[in-house]
Amino acid sequence: MRGMQLSLNKTLKLRLEKALEQLESLSSKSNSDASVTIADNISVDCEDAILKGHGTAELDGRVVATLCGVVERVNKLVYVRALRARYKPEIGDIIVGRVIEVAPKRWRLEINFSQDAVLMLSSMNLPDGIQRRRTAIDELNMRSIFEENDVVCAEVRGFQHDGCLHLQARSQKYGKLERGQLLTIPPYLVKKRKQHFHHLEQYGIDLILGCNGYIWVGEHVEVKDPMLVEDLSNKSEQQNADSENPTSTDEAETCTPLETRQNICRTANAIRVLSTLGFMITAELLRKKLNVEAHWEKRDDHAVILFTLQDDFCEIEISFHSACDWALVEPKASNIMYWPAFRRSFNPCISCSGVLICKATGIARIHKPENSHRRKIYAARLVVLKLWQSERLGVGRRSFVSQNPNTYDFFIYDFLRRMGVNSTKGYDFSGSFCSWKGLFCEAKGENVVRLETSGLD
Amino acid sequence: MEYVSPEGLRLDGRRPTEMRQFRAEVGVVAKADGSASFEMGNTKVIAAVYGPREVQNKGQQMNGQALVRCEYSMANFSTGDRMRKPKGDRRSTEISLVIRQTMEACILTHLMPRSQIDIFVQVLQADGGTRSACINAATLALADAGIPMRDLVTSCSAGYLNNIPLLDLNYVEDSAGGPDVTVGILPKLDKVTLLQMDAKLPIDIFENVMQLAIEGCKAVANYIREILLENTKKLEFRRGV
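On a predicted model such as this, the values are computed, not experimentally measured, just so you know.

1. Observations regarding the overall build of chain B
1) Next: Each helix and strand in chain B was counted, giving four helices and nine strands.
2) Next: Considering only contacts in chain B between residues 6 or more positions apart, those separated by 24 or more positions represent 67%.
3) Next: Within the structure as shown, chain B displays about 10700 Å² of accessible surface, and the carbon and sulfur contribution to it stands at 50%.

See the structure below:
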């Protein structure tokens, strides 16, 4: 039922099911017998020389699992890697947590572990960036650093001898997180990497993938050098002394632009969807996912998708919620695809890059990357604009219900007509469409593979 | 009243040693650490597990092991006559205790010191055998929450009516007033963790009835194992490498 929280239409559901089946078939080949449930036997080769790790127990001389998960073997060590479980801290993990209590000399943080973690005042850098003894005044001012319900990013320092989990925040990159969203996902979906702080430059947002399954998506904050901060604060103090009301400038700074907010929400939603489906969350994946979504432009009732991935892509999947009046794909100003109006829902797979316009709202997903044709896309864009104009100028919009013939002849004729080349000069629309000027068909003469027209740019 | 017809069929058409159909689903509550729903015929329960988490009442914190708590409740609409029962009536307090003790016996509590595990079970439809169904649902939910356990606990009930041992009593058979034996076992370790009966029964017949209930438990265990394995595989392949 976890998957049911996504509102998908019928086609998307089918698509998802198919993709998951494929994924399953791929994985079942690689390791089919590694999954165990509670009290399953774990087969071990050499019984005398193994180390039993987490999630295992011994029963009548045999090793059994005490968790549902995947058996992992590292040399002599045999352990069960649990999938859905609470976070198990390891020293050096970067985590995101929420302050639940301000106690003497420490903050208590909720970090999705079986106990609350402790962040000592002495194990964090004070905002002034100076290493010094923490005085009683610092202790009184603890609420000015973190308050209850603040979201904080820190690093796991280790377990103390009394079993408490201690955290530390000894760098400028750790500390309070503001202006963003905190998401909770199962911790097994976050892989431990070298890099857990990500800055998605093109959206101006920061992404912190906490190892404990807490993910922070927020406005980008420049990590300041402590020395610079000092300078700035000195300056600002002087300014404060100079000017009477410095608050107005502060407020302008504290306002997050609308676009950034949209990007934050979009990223957060992407993470929500992916984690609900049980996919691992990495920054690269999100970058790719956002790349597609970011190029949705909505004008009138048209949706324009510009495919401008940096690297490359070759397969585009497009699915629409409502009927598509027409759509055009223009990779090298040559490949035309026309989709009939009366197919209410469809998912064509196009093996090309380019521009797609359609009179619908929907979702586009890009799978494999391929070359981008920067210049060509601009050219294609021009074509698109022209098409719009011809549409606006009142060739007459095709209504959604019109039942136009679903043939290449018709669509190409219609396309050319819309492009303003319906005059007979050079174009003979009689006979098989393969014989028309500028059209190139495949050998069988059934499908158009290329269209070359002059005077369209 | 005749509970088994001369042809050997019970009121709902089952044979004496036949169980109702069961159906289980893992992951039905989004916010819980682990959750499951379990159906046995018309009996339907839902279980949610939270934790291991910080102990809410510091006085109850144990340094060597985890604290297990359980709350059983019946939805007002779960029975035929809609009754507004006060929360914490005797029956539900007793069943909460039974479930808590049964689950505590199989959870490896010493691995999660100074923490607390909350199990909430709610009966959505009651048609006899709610406590067995609750235990089965709780097992699934604990396994989904990734809590280490010695073994799965499964439970099933059996009764004795018209001089015939009957497996998995439904509401009508349950309210006939005959003996109702609820058994909970650890199938792999082959140990009994729960045995309840509120009637008198000759010892030789009792053994037959209990044996029947144990067979039922083993059938449930096989099913639960399948569900968990399927769920684990699904999570694993979706995660990828």
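Still to come is the rest of the account.
2. Here we look at the overall build of chain A
1) Next: When helices and strands are counted, chain A shows nine helices and 25 strands.
2) Next: Looking at chain A as a whole, 45% of its 457 residues qualify as buried.
3) Next: In chain A, once contacts between residues fewer than 6 apart in sequence are set aside, the share between residues at least 24 apart is 64%.
4) Next: Counting only carbon and sulfur atoms, one obtains 51% of the accessible surface of chain A, whose full area is about 24600 Å².

3. Quick notes on the sheet that holds strand β5 (residues 115–125) of chain B
All names here are of chain B.
1) Next: Strand order across the open sheet formed by five strands is β1-β2-β3-β5-β4, with mixed pairing between neighbours. Taken across any chain shown, the strands that pair with only one partner, and hence form the sheet edges, are β1 (22–26) and β4 (67–74). Adjacent strand axes in the sheet meet at a mean angle of 15°, parallel and antiparallel pairs treated alike.
2) Next: Relative to strand β2 (residues 34–40), β1 runs antiparallel, the two being bridged by five bridges. Following the sheet pairing, R23 is matched in β2 by E39.
3) Next: Contacts from helix α1 (residues 90–106) reach β4 and β5, with the element oriented near 140° to β4.
4) Next: Running over the sheet, helix α2 (residues 130–144) touches β1, β2, β3 (43–54), β4 and β5 and is turned about 150° from β2.

4. Observations regarding the interface of chain B and chain A
1) Next: Taken together, the contact pairs 40 residues of chain B with 42 residues of chain A.
2) Next: It is F237, R238 and R239 of chain B that lose the most area in chain B upon contact with chain A, and together they represent 22% of the buried surface on that side.
3) Next: The interface formed by chain B and chain A includes four salt bridges.
4) Next: Note that D40 of chain A is salt-bridged to R225 of chain B, the shortest N-O span being 2.9 Å.
5) Next: At the surface where chain B touches chain A, the tally comes to 15 residue pairs in polar contact (both at pLDDT 80 or more).

5. Some details on the pattern of salt bridges
1) Next: For the structure on display, the rule yields 25 salt bridges over all chains.
2) Next: Here E72 of chain A ties to R81 of chain A by a salt bridge, and the two come within 2.8 Å at their closest N and O atoms.
3) Next: Taking the relative accessible area as the measure of exposure, E72 of chain A reaches 24% and is therefore partly exposed.
4) Next: The exposure class of R81 of chain A is partly exposed, given its relative accessible area of 22%.
5) Next: For the salt bridge of K218 of chain B with D190 of chain B, the shortest nitrogen-to-oxygen distance reads 3.9 Å. Here the residue K218 of chain B occupies a position in helix α4 (residues 203–239), and D190 of chain B occupies one in the loop between β8 (180–186) and β9 (191–196), the gap between them amounting to 28 residues.

6. Examining the nonpolar core
Nonpolar side chains in soluble globular proteins tend to end up buried together.
1) Next: Judged by nonpolar contacts, the single largest core of 66 residues is most densely connected at F38, M103 and I107 of chain B.
2) Next: Examining the composition of this core, we find that 13 residues originate from one element, α4 of chain B, more than from any other.
3) Next: Listed in part, the 33 residues of the second largest apolar core include Y87, V96, W107 and L121 of chain A.

7. Considering a negative patch on the surface
1) Next: Residues E17, E21 and E24 of chain A together with E226 and E230 of chain B make up a contiguous surface patch of negative charge.
2) Next: Sorting elements by how many residues they give to the negative patch places helix α1 (residues 10–30) of chain A first, with three residues.
3) Next: Checked against the element boundaries, E17 of chain A lands in helix α1.
4) Next: Classification of E17 of chain A as partly exposed rests on a relative accessible area of 45%.

8. Focus on the side chain of H198 of chain A
Residue and element names in this part refer to chain A.
1) Next: The residue H198 is located in strand β14 (residues 197–200) in this model.
2) Next: When its relative accessible area of 11% is taken as the criterion, H198 is described as buried.
3) Next: Polar contacts involving the side chain of H198 include one to the main-chain carbonyl oxygen of Q195, which spans 3.4 Å.

9. As for the pairing of strand β4 (residues 62–65) of chain A
1) Next: Pairing of strand β3 (residues 56–59) of chain A with β4 of chain A involves four bridges; the strand directions are antiparallel. Bridge pairing in β4 of chain A links A57 of chain A to V64 of chain A.

10. Section: the packing of aromatic side chains
1) Next: A complete count under the given rule lists six aromatic pairs over all chains for this structure.
2) Next: Taken together, the ring pairs connect F22, F38 and Y223 of chain B into an aromatic cluster.

11. What to know about the sheet that holds strand β15 (residues 205–209) of chain A
Residues and elements named next belong to chain A.
1) Next: Read from one edge of the open sheet, four strands run β13-β16-β15-β14, paired in antiparallel fashion. Unpaired on one side and paired on the other, β13 (180–184) and β14 mark the two borders of the sheet. In this sheet, adjacent strand axes meet at a mean angle of 15° when their direction is disregarded.
2) Next: In this structure, β13 lies alongside strand β16 (residues 214–219), joined through five bridges in antiparallel fashion. Residue pairing across strands places L182 opposite W216, the latter belonging to β16.

12. With respect to the environment of P127 of chain A
1) Next: Note that P127 of chain A resides in the loop between β9 (117–124) and α2 (136–140).
2) Next: P127 of chain A sits 18 residues away from I145 of chain A along the chain, and the two C-alpha atoms are 7.8 Å apart.

13. Quick word on a nonpolar patch on the surface
1) Next: A grouping of M1, L11, Y171 and V172 of chain B is seen on the molecular surface, where their side chains present a nonpolar patch of about 450 Å² in accessible area.
2) Next: Inspection of the secondary structure assignment puts M1 of chain B in the segment before β1.

14. Regarding the environment of E54 of chain B
1) Next: When you line up the elements, E54 of chain B lands in strand β3.
2) Next: Residue class for E54 of chain B comes out buried when judged on its relative accessible area of 16%.
3) Next: The spacing of E54 of chain B and L67 of chain B is 13 residues in sequence and 9.9 Å in space, taken between C-alpha atoms.
4) Next: Leaving out residues up to four positions away in the same chain, E54 of chain B has contacts with S114, Q115 and D116 of chain A together with Q61 and Q116 of chain B.

How each quantity is defined
Residues numbered from 1 in each chain as written. Chains lettered and ligands numbered in written order. Predicted model: local features only at pLDDT ≥ 70, side-chain atom pairs only at ≥ 80, totals over all residues. Heavy atoms only, no water. Helix = DSSP H or I, 4+ residues; strand = E, 2+ residues; numbered from the N terminus. Contact = heavy atoms within 4.5 Å. Areas by Shrake-Rupley, 256 points an atom, 1.4 Å probe, with all protein chains shown as cover. Buried < 20%, exposed > 50% of the residue type's maximum accessible area, 1.4 Å probe, protein only. Pairing = 2+ DSSP bridges. Axes fitted to C-alpha atoms, helices over the stretch in contact; angles between N-to-C directions. Buried area = accessible area lost by both parts, 1.4 Å probe. Salt bridge = Lys/Arg side-chain N within 4 Å of Asp/Glu carboxyl O. Polar contact = N/O pair within 3.5 Å; in protein donor to acceptor, adjacent residues only side chain to side chain. Core = buried A, V, L, I, M, F, W, Y, C linked by side-chain atoms within 4.5 Å. Patch = residues over 30% accessible without salt bridge, like charges linked within 9 Å, V, L, I, M, F, W, Y side chains within 5 Å. Lys, Arg positive; Asp, Glu negative; His and termini not counted. Charge placed at Lys NZ, Arg CZ, Asp CG, Glu CD. Phe/Tyr/Trp six-rings, centres within 6.5 Å; stacked < 30°, edge-to-face > 60°.

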